[in-house]
Amino acid sequence: ASSLIAAAVDLGASSGRVVLGRIGPDQLECQLVHRFPNEPIDVKGRLSWDIEALWDGVLTGLREANRHGAVESIGIDSWGVDYGLLDDQGMLLAPPAHYRDSRTTGVMERVRAQVGDAFLYEATGLQFIAINTLYQLLAERPEDLERAQTLLLIPDLLCYRLGGTIGAERTIASTTQLYDVAAGTWSDAVFEAVGLPRRLVPPLREPGEQLGPLRPELRSRLGVTDRVLLTTVASHDTASAVAAVPAEDEHFAYISCGTWSLVGVELDAPVRTQESLAANFTNEVGVDKTIRYLRNVTGLWLLQESLRHWRDTGDEVALEQVLEAAQHEPPLRSVIDAESDEFLPPGDMPGRIRAYCRRTGQPEPTTPAAVTRCVLDSLALAHARVIRLAERLSGRRVDVVHIVGGGAQNTLLCQLTADACGRPVVAGPVEATAIGNLLVQARAAGVVRDRAHGRELVRRTQSLRRYEPRDHERWLPHLS
Ligand code: ADP
Ligand code: LRH
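Since we're looking at a predicted model, the values are computed, not measured.

### With respect to unusual backbone geometry
So, point 1. Cis geometry is found at the peptide bond from G428 to P429, where omega equals 0 degrees.
So, point 2. Inspection of the secondary structure puts P429 in the loop between β20 (425–427) and α17 (432–444).
So, point 3. Look at D288: it is not a glycine, yet its phi comes out positive at around 55 degrees.
So, point 4. Relative to the elements of secondary structure, D288 occurs in the loop between β17 (282–285) and β18 (291–297).
So, point 5. Taking the C-beta count within 10 Å as the criterion, D288 has 16 such neighbours and is therefore assigned partly exposed.
So, point 6. Phi is positive for L332, which is not a glycine, with a value near 50 degrees.
So, point 7. With respect to the helices and strands, L332 occurs in the loop between α13 (319–327) and α14 (349–359).

### Some remarks on the packing of α13 against helix α15 (residues 368–394)
Between two packed helices, the angle of one axis relative to the other and the distance separating the axes together describe the packing.
So, point 1. In contact at an axis separation of 8 Å, α13 and α15 are set at 75 degrees when each is read in the N-to-C sense. Our classification of the angle between α13 and α15 gives roughly perpendicular. Here V322, L323, A325 and A326 of α13 come into contact with α15, specifically with P368, A369, T372, R373 and L376.
So, point 2. Across the contact of α13 with α15, the residue classes break down as 7 nonpolar, 1 polar and 1 charged.

### Some thoughts on the packing of α15 against helix α19 (residues 472–479)
So, point 1. Contact geometry of α15 with α19 gives a least axis separation of 11 Å together with a crossing angle of 70 degrees. It follows from the interaxial angle that α15 and α19 lie roughly perpendicular. Between α15 and α19, the residues in contact are L381, A384, R385 and R388 and W475, H478 and L479, respectively.
So, point 2. In the contact of α15 with α19, the residues fall into 4 nonpolar, 1 polar and 2 charged.

### A few points about the pairing of β18
So, point 1. With 7 of its 7 residues buried, β18 lies for the most part within the structure.
So, point 2. Of the two faces of β18, both are covered, the one formed by I291, Y293, R295 and V297 as well as the one formed by R292, L294 and N296.
So, point 3. The sheet contact formed by strand β16 (residues 261–267) and β18 spans 7 bridges and is antiparallel. Note on β18: the bridge partner recorded for V265 is Y293.
So, point 4. As paired strands, β17 and β18 are joined by 4 bridges and run antiparallel to one another. Looking at β18, one finds that E284 is bridged to R292.
So, point 5. Between the antiparallel neighbours β17 and β18 lie 5 residues, among them D288 with a positive phi of about 55 degrees.

### Some details on the site of ligand 2
So, point 1. Taken together, the neighbourhood of ligand 2 is formed by 14 residues, with W79, G80, V81, T238 and W260 sitting nearest.
So, point 2. Split into classes, the residues belonging to the shell around ligand 2 amount to 7 nonpolar, 6 polar and 1 charged.

### Some points on the confidence of the model for the protein chain
So, point 1. Summarising the model, the protein chain shows a mean pLDDT of 97, and 100% of its residues fall at 70 or more.
So, point 2. Scoring of the predicted complex yields 0.98 for pTM and 0.99 for ipTM.

### A word on the sheet that holds strand β6 (residues 73–78)
So, point 1. Judged by pairing direction, the sheet is mixed, and its 6 strands sit side by side in the order β3-β2-β1-β6-β14-β13 without closing on themselves. Every interior strand has two partners, whereas the edge strands, β3 (27–37) and β13 (210–212), have only one. With strand direction ignored, the average angle separating the axes of adjacent strands in the sheet is 25 degrees.
So, point 2. In terms of strand pairing, strand β1 (residues 4–11) meets strand β2 (residues 15–24) through 8 bridges, oriented antiparallel. Bridge pairing in β2 places I5 opposite R22.
So, point 3. Its contacts with the sheet put helix α1 (residues 51–68) on β1, β2, β3 and β6, and the angle it makes with β3 is roughly 140 degrees.

### Considerations on helix α3 (residues 117–124)
So, point 1. Listed in full, the buried residues belonging to α3 are L120, Y121, A123 and T124. Considered in projection along α3, the buried side chains sweep an arc of 165 degrees and stay on one side of the axis.
So, point 2. The secondary structure elements touched by the buried residues of α3 are α2 (107–115), β10 (179–180), α8 (188–194) and α11 (274–278).
So, point 3. Backbone geometry just after α3 places G125 at a positive phi near 75 degrees.

The rules behind each value
Residues numbered from 1 in each chain as written. Chains lettered and ligands numbered in written order. Predicted model: local features only at pLDDT ≥ 70, side-chain atom pairs only at ≥ 80, totals over all residues. Helix = DSSP H or I, 4+ residues; strand = E, 2+ residues; numbered from the N terminus. Buried ≥ 20, exposed ≤ 12 C-beta atoms within 10 Å, placed from the backbone. Axes fitted to C-alpha atoms, helices over the stretch in contact; angles between N-to-C directions. Parallel < 35°, antiparallel > 145°, perpendicular 65-115°, else oblique. Contact = placed C-beta atoms within 7 Å. Nonpolar A, V, L, I, M, F, W, Y, C, P; charged D, E, K, R; others polar. Pairing = 2+ DSSP bridges. Near = placed C-beta within 6 Å. pLDDT = per-residue confidence, 0-100. Arc of directions from axis to C-beta.

Shown next as structure tokens:
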């Protein structure tokens, strides 16, 4: 084919969107046709995803996309690690739990003590973080695990609802800590060591597989024919985002900056050295079986959750306003460790930030502007720290840092990141994840040749902004 009209469904932890793309060998046009909030719900005391609201958002978005242009292909990506459990009738046992739910407290520590870090890292190459599918599954009630026939990660679950086929797309499977990154298979050794039923996980499939048409009843509801193909993409959102980084060569680092900041480099092979384990770097899978060697920095969640707290306590402040005010705050007055677990759960974020500063003998930020400045300085610092380490541990030199995702709109954060890294930052595209999703669909349709071609299209068509580093010396004492 010489061109493709495709719909990308991209579900982030804070919002979902459907983007319509027109892609040709020299063309990449994107139109956001529907955006909807992703707000967790409480289901019997368990923080869960409102999967039916997400499903509604997906269907509304697809209908809308098709109204704007005759969609030929549909791809879905979402945040990692979370899943639904299906019974023998293919029905969900419960709405998928949220990775921030407290049921996993202490599980990771127990597993690490039982089977050992070296074994788990050697077997999977994955970082130790409490949200991993592995620990969530071990926190399920035994009777639920027994009843469950199949585990589907969120994008696989939605593909199943849309098209009826079952599988585990490789990039999202690689976020579970049940996948062997070196062998490229599910890790039988890990299932056995922790006593989880191997039957739960379906066979793996690749990004860029054309799965076939939508279910007949959905075709009529959405007004699409059986020629519209559901296509697997790099269905882990971060893998899609990295696929759309407008890099010119391999000497780049990326920050996929939204609810989380996913900070790292793209490699050809995993790094599972002792040092890498100690630094808790993860090896997740990208398009073309590349390795996303990165660390999860608790990203703009710190700010989102602070804004929510101020709103709930009657001090509502708008994002734009607080970002503007943060520019005028003194730099690097107080910093927190933006990778610490204590900032993971929902709750009073400004209070936790103040407590951290108090404990570490730093001035406590009291106003929203001061809290925001502390968050942005701390994120910039974490970005720089992780990129330095990634360079050292992987041997990949980094000449430029790409920031993609919602955070690319945060000019202060982009400048501070350039300053802290001592490297130029190229910011954009904001909707990199949806674009990466579209690019894989276009490759499956034979419209885009390869990864480099996709990145060249992004570079040529999307608006990007460059930030030169300033005042790098000021950051050095904080980096050592
Ligand atoms: P996710 O995919 O994790 O849901 P996004 O990539 O959509 O996240 O990024 C969301 C973040 O983008 C928000 O937390 C917010 O901090 C930031 N953001 C959104 N709009 C703007 C804006 N206009 N200016 C600065 N930052 C923004
Ligand atoms: C970002 C992300 C990240 C995962 C987290 C659960 O949206 O997919 O890569 O670690 O969500």
